[in-house]
Amino acid sequence: MSKLGSVVESVEKYNQFVVDQVKRARTDEKFGRDLLGRWNDIKAKIPTTRTPTGIPLPRLALPEIDEPGEIARYLFGEGLPGEFPYLNGAYREMYLEPLREVESLEKNGESKKSARKIAPAEEPTRLFSGLMLAEDTNERFHFLTAHQRTHRLSTAFDGPTLYGIDSDADGVFGKIGEGGVAIDTVEDMVRLYDGFDLGSANFSASMTISGPAPIIMAMYIAAAKRRFGPSVVPKLRGTIQADIFKEVQAQNETIFPIEPSLRFLTDMVEFTTREMPRWYPISISGYHIGEAGSTPVQQAAYTLSNGFAYAEMFAARAIPVDQFGPRLSFFLDCGLDVEYIALARVSRRIWAIGMRDVFGAGPKAQLYKLHTQTSGRSLIAAEFKNNLTRTAAELMLAYMNATNSCHSNSADEPFTTPSEEWIRLAAHGQAILLEESGIFKHTMNMLSGSPGMKAVERAVEAAILDEFREIERLGGVLAAVEERYQRSQIQNAAHKYEQQIYDRTRPIIALNKYRNGSDDIPEVKLVRTPRKKQQLQVDRLAKFKKKNAEKSKLALDKLAAVVESGKNCFPALLDAVEVCSLGQITGRLQEVVGRFRPMV
């Protein structure tokens, strides 16, 4: 059996602990007095800031309570931002503009001014991009980051790359550079991030790929070393998705059988945890589970349970939890269902409790570091400009949940890879919310803790724990995957969702409600990869293979021998990507461990 059952017990035990602390605060006079004193001290130390119109606001909003029991419920059940169990945020301050002049509220009611200045934090905006060839995506990256202090690039790969197939493979020519960027070799990877300082503290790269993730990760490291030398490796900062569980549960972009896939993933995690302390070697992804049709609760439950399964797997490799734990990250969808008002908040709390009480993790390894993307499934082709409003509402929900970073989808995505016009509007949606409006930039917890939000939190947590119990009953995440449990549940939820649209119990504006009577397809320019570019990619690949023909055979033989020996194969991958293509490596590894057989 897995440790998921222990996670359920730890959450229930912690909830009872909170109840006991509330009772104690109301019956133990000294304990209650100490809590009240701590609460007053916290409030006294909160600085104030002023809005552009001159209104003073606290830097952190807290409920107006002075009863010890309710104080205990808040401090132990929710925690201040940046404090266990992290319901209100992984960090003390997020999204806030720098303080220029701070007024600290003193107990005697007087204000004391200071000139403490806080450096601006990283922008949470991270926009997803990938189209045509590496140099085309590179150009889009430079366009997206032109006005950002920090360069945070999120990369989409084309279909052949996602499946570890070379661009010269039979039957894939028309897919080259479609829906993402074509990457066949380390030379493509060099072109992809040209002009960016990969070792800078202000740069990070995210790569959305899972099946061949260790190979692509090795290419990224090799490309960085070619440009900046070996000393850049420990400075590299970013994320690679690498989530095998969500692939077999929701996507099927898996190229090796499950157990070898998990072995290659763990090899990569072991290497990066040791050699690359700023890198996140796995992004445990619920987004694709949500996009495949799951309910919000299923998305959160499967993502969290997958995360705990990975933690169990890495611990079994004898990687210390306080080394790999801080390097885990998460990725959630954000749609328009009411559960999203609290889904990430509840996930953050469950993760912190489980990691602390079941895995013995320290504070840094308890953090549920989250990237959120607005829902692609919610975007509708009919009167597609309404998608701007849908995405704006989803952005509000994402930031209410204190997401660490966020991607906003473009309104034209039902038709095509986003054009510069629509992707600029998507970026501006976040800028308007975070920089132009005052909703998030003055005060932490501005919209947290309403009675409605608390009701959703309780219902969502209970439903997630029920899902955990069922997965544990089946023998844990891997056993449930083999039984097709998660996949069948996602399919059932997707069918119900579509049925609700069909019978109009789920209103979709301009689709099944308030239609204007026209089914005309709007004129939207499609972004396609020209044939001459696709041929250029094939020609480059042929040149690379010819140049490295002798060296590639030796590198592939060495890689195969290491895999067969059971040793960590990632160092051999680092050597192989210098002279081998993605498809050559994938093909040789499949000869050794076999191919994934899709679950239908």
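All of these numbers come straight from a predicted model, not from anything done at the bench. (Residues numbered from 1 in each chain as written. Predicted model: local features only at pLDDT ≥ 70, side-chain atom pairs only at ≥ 80, totals over all residues. Heavy atoms only, no water.)

Participant: With reference to specific residues and values, describe the overall build of the protein chain.
Facilitator: Across its full length, the protein chain carries 22 helices and 13 strands. For the protein chain, whose C-alpha radius of gyration is 25 Å, the value lies close to the compact-globule estimate of 25 Å for 600 residues. When its C-alpha atoms are laid out on the principal axes, the protein chain stretches across 80 × 55 × 55 Å. Nonlocal contacts in the protein chain, meaning residues at least 24 apart in sequence, comprise 78% of its contacts between residues at least 6 apart. When the accessible surface of the protein chain is summed, it comes to about 25,600 Å², and 53% of that surface belongs to carbon and sulfur atoms. Taken as two groups, the 76 positive and 76 negative side-chain charges of the protein chain have centres that lie 3 Å from each other. (Helix = DSSP H or I, 4+ residues; strand = E, 2+ residues; numbered from the N terminus. Rg over C-alpha atoms; globule rule 2.2 N^0.38 Å. Contact = heavy atoms within 4.5 Å. Areas by Shrake-Rupley, 256 points an atom, 1.4 Å probe, with all protein chains shown as cover. Lys, Arg positive; Asp, Glu negative; His and termini not counted. Charge placed at Lys NZ, Arg CZ, Asp CG, Glu CD.)

Participant: Just give me the short version of the environment of glutamate 122, but keep the residues and values in it.
Facilitator: Relative to the helices and strands, glutamate 122 is located in the loop between strand S4 (111-114) and strand S5 (128-129). Taking the relative accessible area as the measure of exposure, glutamate 122 reaches 29% and is therefore partly exposed. Taking the C-alpha atoms as reference points, glutamate 122 and isoleucine 353, separated by 231 residues in sequence, lie 27 Å from one another. (Buried < 20%, exposed > 50% of the residue type's maximum accessible area, 1.4 Å probe, protein only.)

Participant: Explain the nonpolar core to me, and be specific about the residues and the numbers.
Facilitator: Within soluble globular proteins, side chains that are nonpolar tend to cluster in buried spots. In terms of nonpolar packing, the biggest core is built from 156 residues, with Tyr193, Tyr220 and Phe468 touching the most fellow members. Considering each element in turn, this core owes the most residues, eleven residues, to helix H7 (residues 213-228). (Core = buried A, V, L, I, M, F, W, Y, C linked by side-chain atoms within 4.5 Å.)

Participant: Can you tell me about the side chain of histidine 407, naming the residues and giving the values?
Facilitator: Mapped onto the secondary structure, histidine 407 falls in strand S13 (residues 405-407). For histidine 407, a relative accessible area of 4% gives the class buried. Among residues more than four places away in sequence, those in contact with histidine 407 are Arg126, Leu127, Phe128, His371, Thr372, Gln373, Thr374, Glu413 and Gln430.

Participant: Quick rundown of empty space enclosed by the protein? Include the residues and the values.
Facilitator: Unfilled space is identified by rolling a water-sized probe across the atoms. Applying the stated rule across the entire model yields six cavities of 30 Å³ or more. The computed volume of the largest cavity comes to approximately 140 Å³. Surrounding the largest cavity, 14 residues form its lining, Tyr95, Tyr399, Phe440, Met444 and Asn445 being those nearest its centre. In terms of residue class, the lining of the largest cavity is built from nine nonpolar, four polar and one charged. When its volume is computed, the second largest cavity comes out at roughly 70 Å³. What lines the second largest cavity is simply Leu332, Asp333, Cys334, Tyr340, Leu343, Ala344, Leu370, Thr372, Leu397, Ala398 and Asn401. Among the elements of the structure, strand S11 (328-334), helix H13 (343-357), strand S12 (370-374) and helix H14 (387-400) are those that each provide at least two residues to the lining of the second largest cavity. When residues in the lining of the second largest cavity are grouped by element, the largest group, three residues, is from S11. Of the residues in the lining of the second largest cavity, the class split is eight nonpolar, two polar and one charged. (1 Å grid on protein atoms, 1.4 Å probe; cavity = no way out; pocket = protein on both sides within 12 Å on 5 of 7 lines; lining within 4 Å. Points joined across faces, edges and corners; volume = space filled by probe spheres on them. Nonpolar A, V, L, I, M, F, W, Y, C, P; charged D, E, K, R; others polar.)

These results come straight from atomic positions and should not be treated as a statement about function.
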